[in-house]
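Architecture and fold: a report
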Amino acid sequence: MLPGQRVAGLHHAGGGTQPVTAQEIISAAAPTAPLLSVRDLSVRAGALPLVHEISFDLEPGTMTALVGESGSGKSLTAQAILGLLNREVYAVAGTAMTFQGQALGFDGQSRPRGFHGELTGYVMQDPSSALDPTMTVGRQIAEMFVVHRGMDRRSALGEAARMLDRVRIPDAGARIDDYPHQFSGGMKQRVLIAMAVALSPRLLVADEPTTALDVTVQADILALIDDLRREMQMAVLIITHDFGVVYQCADRVMVMYAGKLVEGGATLQITESGRHPYTRGLIASIPDLDDLDRPVVAIPGQPPRPERSWDGSCAFQPRCSFKAPRCAAEAPEMETLGGGALVRCFEWRRVEESPS
Ligand SMILES: Nc1ncnc2c1ncn2[C@@H]1O[C@H](COP(=O)(O)OP(=O)(O)OP(=O)(O)O)[C@@H](O)[C@H]1O
Ligand SMILES: [Mg+2]
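The following paragraphs examine the structure supplied in this document. As the structure is a prediction and not an experimental result, all values here were calculated from the model.

Section: the overall build of the chain
For the chain, the count of helices and strands is 11 helices and 13 strands. For the chain, the C-alpha radius of gyration of 21 Å lies close to 21 Å, the compact-globule estimate for 356 residues. With the principal axes as the frame, the chain shows a C-alpha extent of 65 × 50 × 40 Å. Residues classed as buried in the chain amount to 52% of the 356 residues present. Of the contacts made within the chain by residues no fewer than 6 positions apart, 65% connect residues no fewer than 24 positions apart. Taking the average location of the 33 positive side-chain charges in the chain and that of its 41 negative ones, the two points are 3 Å from each other.

This is how it looks when you write it as structure tokens:
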């Protein structure tokens, strides 16, 4: 376990092993109504299947990490939910998607009023184009309050300064007059977070918000997001390929491989007794600062190309040390194991029994 790991959620094990139905996922979730509910979300680019039948719920006020290697479909999943994918390139489909109980269309166009900004905030993966280099940071944040709240410029600038202070930018009142290039990478990321949460959204989607930053700054940014989550009672979907991020602040984890969810559950359960060999592989590939004798082992091989990744076999089996004959002959379904835990692996019992 890494230092700073949060004990999160309940730890359940055992239970049934049938393929999961949408209804079972719903009843396995916490008793509160989900903020966001997604069923069988799929994304294609032309004939190429990139995201396959993703189903999950996000509970209000919680932090969920979506984890997986580069190319696994994390950003496409987030953008499909937010309705941001270019419809000329991508086809999005599914059986149901709701936000606060309201249906969201898969076409990306049918979003409730205020969905972008007031209900959801988004910190995109490549933020270099997110800030206008010709406009002061204060004006860019203030614009949110002018457009969405009808404030006059002066009050909006006051709110912008308050937001910069809230994301802990020192001397915020003076810095509203600075331009983006006058901010360091970490400070720029804080500005983008300030813009994303300016209107107190119910959900913040943060796509790899720490990847480009050095390690100490990464930890500060994560702590900031977690504090904002608590203060604003906001759900957070944080996208990362780094399990260190998960340890630091996620309540729940969803692990994605080659466009499919392969495991999901409470952070403690996933990190201590993950049942998918891929999850185990991701965890084994990060150094354990409490146990420097534990070897760091990279997952061998590469993820498959999307063309036929799940056709008639498990997409992970070429890289899997738990592989059985069945894995090359059949693609596993997602199974529910109680306590909201899900796993897509024929051999999960053997994985669970092996020491992590
Ligand atoms: N228009 C497209 N045509 C073909 N393939 C595409 C297209 N758009 C995305 N892809 C592929 O879909 C896969 C998933 O992309 P996505 O950006 O969601 O990955 P990711 O998990 O966010 O990866 P990273 O960690 O690198 O950000 C990638 O392999 C990507 O190359
Ligand atoms: Mg991405």
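Thoughts on the site of ligand 1
Surveying the vicinity of ligand 1 reveals 15 residues, the closest of which are Ser70, Gly71, Lys74, Tyr90 and Gln125. Within the backbone of Gly71, an N or O atom sits 2.8 Å from an oxygen atom of ligand 1. The separation between an oxygen atom of ligand 1 and a polar side-chain atom of Glu208 is 3.3 Å. Contact with the protein chains removes 67% of the 640 Å² of surface that ligand 1 exposes when unbound. Taken together, the elements giving at least two residues each to the shell around ligand 1 come down to β2 (48-58) and α2 (74-82). By residue number, the principal contributor to the shell around ligand 1 is α2, which donates 3 residues.

Looking at the sheet that holds strand β12 (residues 335-336)
Strand order in the open sheet made by the 8 strands is β7-β8-β9-β3-β10-β11-β13-β12, with mixed pairing throughout. With partners counted over all chains shown, the strands left at the sheet margins are β7 (120-123) and β12, one partner each. Relative to strand β9 (residues 235-240), strand β3 (residues 63-67) runs parallel, the two being bridged by 5 bridges. Each residue of the ladder has a partner; that of Ala65, found in β9, is Ile238. The strands that helix α7 (residues 215-232) touches are β3, β8 (203-207) and β9; relative to β9, the one it contacts most, it runs at about 160 degrees.

Criteria and thresholds
- Residues numbered from 1 in each chain as written.
- Chains lettered and ligands numbered in written order.
- Predicted model: local features only at pLDDT ≥ 70, side-chain atom pairs only at ≥ 80, totals over all residues.
- Heavy atoms only, no water.
- Helix = DSSP H or I, 4+ residues; strand = E, 2+ residues; numbered from the N terminus.
- Rg over C-alpha atoms; globule rule 2.2 N^0.38 Å.
- Buried < 20%, exposed > 50% of the residue type's maximum accessible area, 1.4 Å probe, protein only.
- Contact = heavy atoms within 4.5 Å.
- Lys, Arg positive; Asp, Glu negative; His and termini not counted.
- Charge placed at Lys NZ, Arg CZ, Asp CG, Glu CD.
- Near = heavy atom within 4 Å.
- Polar contact = N/O pair within 3.5 Å; in protein donor to acceptor, adjacent residues only side chain to side chain.
- Areas by Shrake-Rupley, 256 points an atom, 1.4 Å probe, with all protein chains shown as cover.
- Pairing = 2+ DSSP bridges.
- Axes fitted to C-alpha atoms, helices over the stretch in contact; angles between N-to-C directions.

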